[in-house]
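Report on the structure
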Amino acid sequence: MTRRFRRLTLMSVLAVILGAAGTHLFAQASAPQDEEAIRKLQDGFAQAWNQHDATAMAALWDEDGDYVGPEGYALQGRARIETMFAEAHTGDYAPSKLALKVRKVRFLKPDVAVVDVEGEITDARDFFGKALPVQRL
């Protein structure tokens with residue numbers, strides 16, 4: 001397993017929200033509905049992670065969406081993003097659990113939000129099965 005899959009950070013989690021929360025979700029909704037939609041996306045991502053369902057995780061991106069990893073690598077397209085999650089969840093993150101909490105949602109414009117999220121990844125293992133430290137997001 002390569003090092004790039006060992007450290008998912010807040011940027012990765014925010015990429016999920018921002019990648020999934022395209023303008024089509026917010027064009028007609030009010031701010032309370034928008035915030036609830038963002039919270040549901042977070043919950044859905046954590047649930048998909050904990051089920052190690054790469055397809056469900058990647059489904060939060062548009063078909064031509066972009067993913068920029070914590071170490072700066074970039075992926076384009078839902079299929080490649082799904083492959084990355086599948087590789088990670090058959091490696092170091094196969095036994096892992098993700099817990100997320102949305103602390104604050106602030107709308108800069110009706111279709112642009114800044115989301116403050118905290119969380120942690122537990123139970124990840126390295127190539128040899130040794131427990132990795134808890135990753136706080």
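Just above sits the structure.
Now for a quick tour of the structure. (Residues numbered from 1 in each chain as written. Predicted model: local features only at pLDDT ≥ 70, side-chain atom pairs only at ≥ 80, totals over all residues. Heavy atoms only, no water.)

The subject of this paragraph is the overall build of the protein. The secondary structure content of the protein amounts to five helices and five strands. Ordered by position from N to C terminus, the α and β elements of the protein give α-α-α-α-β-β-α-β-β-β. Residue burial in the protein is summarised as follows: out of 137 residues, 38% are buried. (Helix = DSSP H or I, 4+ residues; strand = E, 2+ residues; numbered from the N terminus. Buried < 20%, exposed > 50% of the residue type's maximum accessible area, 1.4 Å probe, protein only.)

Right, let's get into the pairing of strand S3 (residues 97-109). By the bridge criterion, 11 bridges tie S3 to strand S4 (residues 112-122) in an arrangement that is antiparallel. Counterpart to arginine 106 in the pairing with S4 is valine 114. Hairpin geometry of S3 and S4 is characterised by an intervening segment of two residues between the two adjacent antiparallel strands. (Pairing = 2+ DSSP bridges.)

With that settled, consider the sheet that holds S3. Pairing within the open sheet is antiparallel, and its three strands lie in the order S3-S4-S5. Edge positions in the open sheet fall to S3 and strand S5 (135-136), since each of these has one partner strand only. As paired strands, S4 and S5 are joined by two bridges and run antiparallel to one another. When the sheet's bridge partners are listed, glutamate 120 is paired in S5 with arginine 136.

Attention now goes to the pattern of salt bridges. A side chain with one charge can pair with a side chain of the opposite charge if their charged atoms come near. Following the criterion strictly, the structure yields five salt bridges and no others. Across the salt bridge formed by arginine 39 and glutamate 35, the nearest N and O atoms sit 2.9 Å from each other. In this pair, arginine 39 and glutamate 35 both sit in helix H3 (residues 31-50), four residues apart, roughly one turn of the helix. With a relative accessible area of 26%, arginine 39 lands in the partly exposed category. The partner of glutamate 63 in a salt bridge is arginine 78, and the shortest N-O contact between them spans 2.9 Å. (Salt bridge = Lys/Arg side-chain N within 4 Å of Asp/Glu carboxyl O.)

Here we take up a nonpolar patch on the surface. A surface patch of nonpolar side chains, about 220 Å² in accessible area, is lined by Leu108, Val112 and Val114. Its location among the elements puts leucine 108 in strand S3. Overall, leucine 108 belongs to the partly exposed group, its relative accessible area being 46%. (Patch = residues over 30% accessible without salt bridge, like charges linked within 9 Å, V, L, I, M, F, W, Y side chains within 5 Å. Areas by Shrake-Rupley, 256 points an atom, 1.4 Å probe, with all protein chains shown as cover.)

Our focus in this paragraph is the packing of aromatic side chains. Tallying each qualifying case throughout the model produces eight aromatic pairs. On the basis of an interplanar angle of 70° and a centroid distance of 5.3 Å, the ring pair of tryptophan 49 and tyrosine 93 is categorised as edge-to-face. Highlighted residues: tryptophan 49 in helix H3 and tyrosine 93 in the loop between helix H5 (78-88) and S3, separated in sequence by 44 residues. One aromatic cluster is present, formed by Phe45, Trp49, Trp61, Tyr67, Tyr73, Phe85 and Tyr93 through successive ring pairs. (Phe/Tyr/Trp six-rings, centres within 6.5 Å; stacked < 30°, edge-to-face > 60°.)

What follows deals with unusual backbone geometry. For histidine 52, which is not a glycine, the phi torsion comes out positive at approximately 55°. Relative to the helices and strands, histidine 52 is located in the loop between H3 and helix H4 (54-58). Given the relative accessible area of 24%, histidine 52 is considered partly exposed. One non-glycine residue, aspartate 123, adopts positive backbone phi at about 65°. Assignment of secondary structure puts aspartate 123 in the loop between S4 and S5. A relative accessible area of 44% means that aspartate 123 is categorised as partly exposed.

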